[in-house]
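What the coordinates show
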Amino acid sequence: MQADTSKIPVATQPNYPFVRGDVRLRPVTLGDIPAVNGYRSMAEVARYLPHQPQTLADTELTISSMVAQQGLTIPGQWLDLAVEEGPSSEVVGEVLLKWDAENWRRGEIGFVFSPAAQGQGIAFASCTAALDMAFNHFGWHRVEGICDERNEKSSALMARLGMRLEATFVESDWSKGEWVTLAHYAILNREWQDQKQKRSATHGSA
């Protein structure tokens, strides 16, 4: 059942860029199209995404749609956050937050990164920042993440974020000519806050 949007508060977003360490998140812009297409056009990046390697025109459509939704005014919309790292303003990836269409206190996280950004902790830092945003600014109660079971990197990232594997749906999705088994992860607001406190205590005692 679709939520009654007249009773739902508009998501309160932080000031951008949203900075966590060397990582900065901000809503994507049309100016990001060339950089985003640089990795979304790669077969290795698109392997576990719902689309084939994108042409520049494909990426233009994708980013245009994301720009139109970035205000998060209606449940069901996506917020596509460009990731910048270090001194460069070059976009090295995206973290996406979807506002659930049926329950406004629930959301979903997704992510895609350039191979050049992998193995440096950028994905973890970016998703940590996005979850902080989801829980502390949007007030979501629960955030879920879904990936192809074969996508070991995404599964490992969500586990490292403290998200638990709640279900595995065997051959539940038809994608790119084959049945795909999906792994569903999730974390609650209170679990995220407890985890942050434990990390802070550990770092403080180091």
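Anything mentioned here points back to the structure above.
Presented here is an overview of the structure given in this document.

Procedures and definitions
Residues numbered from 1 in each chain as written. Predicted model: local features only at pLDDT ≥ 70, side-chain atom pairs only at ≥ 80, totals over all residues. Heavy atoms only, no water. Helix = DSSP H or I, 4+ residues; strand = E, 2+ residues; numbered from the N terminus. Areas by Shrake-Rupley, 256 points an atom, 1.4 Å probe, with all protein chains shown as cover. Lys, Arg positive; Asp, Glu negative; His and termini not counted. Charge placed at Lys NZ, Arg CZ, Asp CG, Glu CD. Phe/Tyr/Trp six-rings, centres within 6.5 Å; stacked < 30°, edge-to-face > 60°. Lys NZ or Arg CZ within 6 Å of the ring centre and 35° of its normal. Buried < 20%, exposed > 50% of the residue type's maximum accessible area, 1.4 Å probe, protein only. Pairing = 2+ DSSP bridges. Core = buried A, V, L, I, M, F, W, Y, C linked by side-chain atoms within 4.5 Å. Contact = heavy atoms within 4.5 Å.

Observations concerning the overall build of the protein chain
A tally of regular secondary structure across the protein chain gives six helices and eight strands. Going from N to C terminus, the protein chain has its helices and strands arranged as β-β-α-α-α-β-β-β-α-β-α-β-β-α. By principal-axis analysis of the C-alpha atoms, the protein chain measures approximately 45 × 45 × 35 Å. Counting every atom, the protein chain has about 10600 Å² of accessible surface; 52% of that belongs to carbon and sulfur. Charged side chains in the protein chain number 19 positive and 25 negative. The centres of these two groups are separated by 7 Å.

Some details on the packing of aromatic side chains
Any pair of aromatic rings gets described here by the distance separating the centres and the angle formed by the planes. Under the definition given, this model contains three aromatic pairs. Judged by centre distance (5.2 Å) and plane angle (55°), the rings of Phe138 and Trp140 are tilted. A centroid spacing of 5.3 Å and a plane angle of 70° characterise the contact between Trp174 and Trp179, whose relative ring orientation is edge-to-face. If you follow Arg160 out to its NZ or CZ, it ends over the ring of Phe124, 3.9 Å from the centre. Residue placement shows Arg199 over the ring face of Trp192; its charged tip is 5.3 Å from the ring centre.

Description of the pairing of strand β2 (residues 23-27)
Counted residue by residue, β2 has five buried out of five residues, so it is predominantly covered. In this structure, strand β1 (residues 18-20) lies alongside β2, joined through three bridges in antiparallel fashion. If you follow Arg20 over to β2, its bridge partner there is Val23. Bridge analysis of β2 against strand β3 (residues 78-85) gives five bridges, and the strand direction is antiparallel. Among the inter-strand pairings, Arg24 is bridged to a residue of β3, identified as Glu84.

Here we look at the nonpolar core
Considering soluble globular proteins, one finds that nonpolar side chains tend to be buried as a cluster. With 38 residues, the main nonpolar core has Leu25, Val83, Leu97, Ile109, Met133 and Phe138 as its most contacted residues. Elements with a contribution of two residues or more to this core: β2, β3, β4 (93-99), β5 (106-113), α4 (122-136), β6 (142-148), α5 (152-160) and β8 (178-188). Tallying contributions element by element places α4 first for this core, with nine residues. Residues in contact with Phe138, not counting those within four places in the same chain, are Ala11, Thr12, Gln13, Leu72, Leu79, Leu97 and Met133.

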